[in-house]
Amino acid sequence: NLLGGTLGAAGGTYSNGLFIVGDGVQSATLKSIAGGTLNFTNGLLVTNNATLMALGTVNGWGYGVVIAADGTLLGSGTVKDSPIGVVITNGAIFSPGTNTTGLLTIGGSNLTWNAGGIYRCEITNISYGPSLGWDLMNVSSQLNLANGPGFVIKLDSMSGSPAAGFNPNQDYGLRILNYGAQNGFVAPSFTIDTNAFPGSTGSWTVSNQNNSLYLQY
């Protein structure tokens, strides 16, 4: 287990029970290095004040990858587990990229997004498109929206200023999540937090089109 601090690993297998990141008090970050695979044969739990930074591949091997309240999942790699999948609990945060926009993949498994879970969607340049100008999640199997309403999408321009190219008088449809299948979508179930996205004077909603979720402005 990783109780505190930062551990970066290019690969390996942990088989001595559930692997826990964080002790609930100290800050802790587990980082999978790009190009490598970390295997957790009894699952992985990221606790509060802890982060899983997936730059390579992280595999829970059927016991689940669970992000607990005040825990964070971020990165530009792949996180997978079957059949439980990746679980975002009430109060947990997930965000593609690492302090920048990016693409994060949930590969070959489900993503369960529980009410109160927060998708921190960074939008820096409207002109660049998904994964470059704003964050994109790719869920190769099923997106489960559970125990709604109350799914939170927190917009962040990352600069304290309006995102480049953003015109508050123009309409937008930003694709922020792809999925293979989905369960539980109801448009009014989403709360859009724009406190970190200045310049937005209109209203934002979420739509479900062609196996993708879109932010509509």
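Thresholds, definitions, all that
- Position numbers for residues start from 1 in each chain and track the written sequence from start to end.
- Note on the predicted model: pLDDT of at least 70 is required for a residue's local features to be given, and 80 or more for side-chain atom pairs to be given and counted; whole-chain, interface and lining totals, by contrast, use all residues.
- Only hydrogens and water are set aside when side-chain values are computed; all heavy atoms of the structure are taken into account.
- DSSP-based pairing: two strands are paired if at least 2 bridges between them are found.
- Per the convention used, a helix needs a DSSP run of H or I reaching at least four residues, while a strand needs a run of E reaching at least two, with both numbered from the N terminus.
- The angle between two axes is taken between their N-to-C directions and runs from 0 to 180 degrees, where each axis is a line fitted to C-alpha atoms and a helix contributes only its stretch in contact.
- One side-chain nitrogen of Lys or Arg within 4 Å of one carboxyl oxygen of Asp or Glu is enough to make a salt bridge.
- With a 1.4 Å probe rolled over the protein chains alone, any residue whose accessible area is under 20% of its type maximum counts as buried; one over 50% counts as exposed, and the rest are partly exposed.
- Working rule for contacts: check all heavy atoms of both residues, and any pair within 4.5 Å makes them a contact.
- Polar contacts, as counted here, are pairs of nitrogen or oxygen atoms within 3.5 Å of one another; within protein the pair requires one atom able to donate a hydrogen and one able to accept it, and residues that are adjacent in sequence qualify only if both atoms are side-chain atoms.
- Here, nonpolar core means buried Ala, Val, Leu, Ile, Met, Phe, Trp, Tyr and Cys residues that are tied together by side-chain atoms lying within 4.5 Å of each other.

### Some details on the sheet that holds strand 4 (residues 28-32)
Strand order in the open sheet formed by 8 strands is 1-4-7-10-13-16-18-20, and the pairing between neighbours is parallel. If you trace the sheet from one side to the other, it starts and ends with strand 1 (5-9) and strand 20 (190-196), each paired once. Taken over all neighbouring pairs, the strand axes of this sheet differ in orientation by 20 degrees on average, direction set aside. Pairing between strand 16 (residues 118-122) and strand 18 (residues 151-156): 5 bridges, direction parallel. The partner of Glu122 across the bridge, within strand 18, is Asp156.

### Topic: the pattern of salt bridges
Taken as a whole and judged by the stated rule, the model has 2 salt bridges. Where Glu122 meets Arg120, a salt bridge forms, and the shortest distance between an N and an O atom there is 3.9 Å. Residues Asp193 and Lys154 are paired through a salt bridge, measuring 3.7 Å at the closest nitrogen-oxygen approach. With Asp193 in strand 20 and Lys154 in strand 18, the pair connects residues that are 39 residues apart, well separated along the chain. Classification of Asp193 as partly exposed rests on a relative accessible area of 22%.

### Points about the environment of Asn49
Along the chain, Asn49 turns up in the loop between strand 6 (44-46) and strand 7 (50-54). For Asn49 and Ser15, which are 34 residues apart along the polypeptide, the C-alpha to C-alpha distance reads 24 Å. For Asn49, the contacting residues outside a window of four places in its chain are Val25, Gln26, Ser27, Ala28, Asp70 and Gly71. Polar contacts involving the side chain of Asn49 include one to the main-chain carbonyl oxygen of Val25, which spans 3.0 Å.

### Some remarks on the nonpolar core
If you look at soluble globular proteins, the nonpolar side chains tend to sit buried side by side. Counting residues in hydrophobic clusters, the biggest one holds 55 residues, and the most contacted among them are Ile123, Ile153, Ile176 and Leu215. With near-sequence residues (within four places) excluded, Ile176 lies in contact with Tyr119, Cys121, Trp134, Asp135, Leu136, Met137, Ile153, Leu213 and Leu215.

### Quick word on unusual backbone geometry
Cis geometry marks the peptide bond from Ser82 to Pro83; its omega dihedral reads 10 degrees. Turning to its location among the elements, Pro83 is positioned in the loop between strand 11 (78-80) and strand 12 (86-88). Cis geometry marks the peptide bond from Gly148 to Pro149; its omega dihedral reads 5 degrees. Position of Pro149 among the secondary structure elements: in the loop between strand 17 (136-146) and strand 18. For Asn49, which is not a glycine, the phi torsion comes out positive at approximately 65 degrees.

These figures come from the coordinates and say nothing about function on their own.
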